[in-house]
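Descriptive structure summary
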Amino acid sequence: MSRLPKYIEADDVKRVLKMTELIPIIEKAMGDFSKGDDGGVVQPVRSFIPIEKHGGFFAAMSAYSEKDETLATKLLTRYQENAGTGIPTHTSAIILFEPSTGELKSIMDGDVITSMRTAAASAVATKYLASENSKILCILGSGDQARSHYKSLHHICNFEEVRVWSPTFKNAQYFSSQLRSKVCATVEEAIRGADVIVTATFAKQPIVEWEWVKPGAHINAIGAVNKKWQELSSELMQKSVVYVDSREAAMKGSGDVIISKADIFAEIGDLVNGTKEAQREKTTVFKSLGIAIEDVVSAKLVYDKHMENH
Ligand SMILES: NC(=O)C1=CN([C@@H]2O[C@H](COP(=O)(O)OP(=O)(O)OC[C@H]3O[C@@H](n4cnc5c(N)ncnc54)[C@H](O)[C@@H]3O)[C@@H](O)[C@H]2O)C=CC1
Ligand SMILES: O=C(O)C1=NCCCC1
């Protein structure tokens, strides 16, 4: 057997990774993560290097799953100011090791996985927390995560209407020309009456107010990935029931949680495990920062499926 690591490029990841298969895998991973030692997941909070001079950051996200016998790390950069230049705002690679020997198995594109696993995690949260009769989806942002969430959430709810808002109107129009949706001129117009809301923006100050949100709506808040940034107002955070992917990471790195001083009710994995209640009838927020175990199990799926054909 060759000892050379397998390089798996973005097109090959895209070819093998299917949202229908990914959602249950991410659900199980979130559950294992929230079981603590019983779940067999070892995952430190990610490390960050701010690249202040250029307005970006680098992060390293690593995890080992004993149950899945998978060990990997994702290295990523986020350069918000690349938006509109043709250079991606996020760039990543995932490095997969063989846990029994420590050998390097694969280096693969991480961008497709980041896009799909983040949307799959929101799909899991939406499955547990959205009203069963959700009809209107609102997406704030029109970038990569906005597109990926449009696709993943259609696997969970039968939406009759999708609304999109973006700070640059023509970006929202482009989104709408590709994915059936109505373009809204303001955040308030997009939010009022929506059952499920996705915030996938670069906002650093709150853009969503409590009084616009329909009582009982569910919000997947996936931007504001820094302790000083917020997408949701403090009032909205305080009055909603707040769920996170990792309590430890949210308390260290989420401005939406830290600045609002909102209580975290549970991790999504606690809902999967049945150890905490899914308060579907209340207004709920899933504050997502992204956790390494989501990348690790996705990378295993990609590697195994890729190797079936090579
Ligand atoms: N929670 C998680 O696991 C992950 C979170 N993210 C975060 O999700 C957000 C969206 O990421 P992508 O879609 O990949 O980026 P993207 O570059 O593809 O799209 C970003 C969107 O934000 C909008 N935007 C720019 N400035 C804004 C402002 N001041 N206020 C409101 N909206 C603004 C843009 O018009 C665009 O629609 C980012 O904050 C990103 O870091 C990304 C990956 C994983
Ligand atoms: O992959 C993740 O997880 C990310 N989280 C925060 C923003 C960049 C990507």
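Definitions and limits used
- Residues numbered from 1 in each chain as written.
- Chains lettered and ligands numbered in written order.
- Predicted model: local features only at pLDDT ≥ 70, side-chain atom pairs only at ≥ 80, totals over all residues.
- Heavy atoms only, no water.
- Helix = DSSP H or I, 4+ residues; strand = E, 2+ residues; numbered from the N terminus.
- Rg over C-alpha atoms; globule rule 2.2 N^0.38 Å.
- Buried < 20%, exposed > 50% of the residue type's maximum accessible area, 1.4 Å probe, protein only.
- Contact = heavy atoms within 4.5 Å.
- Lys, Arg positive; Asp, Glu negative; His and termini not counted.
- Charge placed at Lys NZ, Arg CZ, Asp CG, Glu CD.
- Phe/Tyr/Trp six-rings, centres within 6.5 Å; stacked < 30°, edge-to-face > 60°.
- Lys NZ or Arg CZ within 6 Å of the ring centre and 35° of its normal.
- Domains from an automatic or database assignment.
- Buried area = accessible area lost by both parts, 1.4 Å probe.
- Salt bridge = Lys/Arg side-chain N within 4 Å of Asp/Glu carboxyl O.
- Polar contact = N/O pair within 3.5 Å; in protein donor to acceptor, adjacent residues only side chain to side chain.
- Core = buried A, V, L, I, M, F, W, Y, C linked by side-chain atoms within 4.5 Å.
- Near = heavy atom within 4 Å.
- Areas by Shrake-Rupley, 256 points an atom, 1.4 Å probe, with all protein chains shown as cover.
- Nonpolar A, V, L, I, M, F, W, Y, C, P; charged D, E, K, R; others polar.

Under an unreviewed UniProt entry, the name given to the chain is Ketimine reductase mu-crystallin, and the source organism is Saccoglossus kowalevskii.

Our focus in this paragraph is the overall build of the chain. Looking only at helices and strands, the chain has eleven helices and 15 strands in total. For the chain, whose C-alpha radius of gyration is 19 Å, the value lies close to the compact-globule estimate of 19 Å for 310 residues. If you line up the chain on its principal axes, its C-alpha atoms span 60 × 45 × 40 Å. Put simply, the chain has 310 residues, and 54% of those count as buried. Summarising the internal contacts of the chain: among those between residues at least 6 apart in sequence, 66% fall at separations of at least 24. Charge separation in the chain, taken as the distance between the mean sites of 37 positive and 40 negative side-chain charges, equals 3 Å.

To continue, consider the packing of aromatic side chains. Here a ring pair, both rings aromatic, is described through the centre-centre distance and the interplanar angle of the planes. Per the counting criterion, the structure on display carries three aromatic pairs. With a centroid separation of 6.0 Å and 75 degrees between ring planes, the pair formed by tyrosine 150 and phenylalanine 175 is classed as edge-to-face. With tyrosine 150 in helix H4 (residues 144-153) and phenylalanine 175 in helix H5 (residues 169-178), this residue pair connects regions lying 25 residues apart in the sequence. As far as the burial class goes, tyrosine 150 and phenylalanine 175 line up, both buried. Ring geometry for tyrosine 243 versus phenylalanine 265: centroids 5.7 Å apart, planes at 75 degrees, classification edge-to-face. Pair noted here: tyrosine 243 is in strand S13 (residues 241-244) and phenylalanine 265 is in strand S14 (residues 264-267), with a separation of 22 residues, a long-range link. With relative accessibility at 0%, the residue tyrosine 243 sits in the buried group. Classification of phenylalanine 265 by relative accessible area gives partly exposed; the value is 27%. Seen from the ring of phenylalanine 265, lysine 276 lies directly overhead, with NZ or CZ sitting 5.7 Å from the centre.

Domain annotation for the chain reports domain 1 (6-113 + 293-308) and domain 2 (130-289). Facing 19 residues of domain 1, the contacting portion of domain 2 comprises 20 residues. Of the roughly 1600 Å² buried where domain 1 meets domain 2, counting both sides, 65% is carbon and sulfur surface. Counting the contacts that link domain 1 with domain 2 gives zero salt bridges. Connecting domain 1 to domain 2 are four residue pairs in polar contact (both at pLDDT 80 or more).

One finds Met108, Ile191, Ile268 and Ile293 to be the most contacted residues of the largest nonpolar core, which totals 95 residues. With eleven residues, helix H3 (residues 111-129) is the largest single contributor of residues to this core. The residue makeup of this core includes at least three contributed by each of domain 1 (6-113 + 293-308) and domain 2 (130-289).

Below, the discussion takes up the site of ligand 1. Close to ligand 1 lie 23 residues, the nearest being Arg78, His90, Ser142, Asp144 and Gln145. Between an oxygen atom of ligand 1 and a side-chain N or O atom of threonine 89, the distance comes to 2.9 Å. A distance of 2.8 Å separates an oxygen atom of ligand 1 from a polar side-chain atom of histidine 90. At the level of elements, H3 and H4 are the ones that each hand at least two residues to the shell around ligand 1. Considering each element in turn, the shell around ligand 1 owes the most residues, three residues, to H3.

Below, the discussion takes up H4. Burial analysis of H4 places seven of its ten residues in the buried class, the great majority of the element. All of the buried residues along H4 are Gln145, Ala146, Ser148, His149, Tyr150, Ser152 and Leu153.

Attention now moves to the site of ligand 2. In the vicinity of ligand 2, the contacting residues are Arg46, Met61, Lys74, Leu76, His90, Thr114, Arg117, Val225, Leu289 and Gly290. At 3.2 Å, a backbone N or O of leucine 289 approaches a nitrogen atom of ligand 2. About the coverage of ligand 2: the protein hides 91% of its 260 Å² of free accessible area. Where the shell around ligand 2 is concerned, the elements lending two or more residues are strand S5 (70-79) and H3. A breakdown of the residues in the shell around ligand 2 according to their chemical character gives four nonpolar, three polar and three charged.

Let us look at the environment of isoleucine 191. When you line up the elements, isoleucine 191 lands in helix H6 (residues 187-191). Residue class for isoleucine 191 comes out buried when judged on its relative accessible area of 0%. Those residues in contact with isoleucine 191 that lie beyond four places of it in its chain are Cys138, Leu140, Arg163, Ile197, Val208, Trp212 and Val213.

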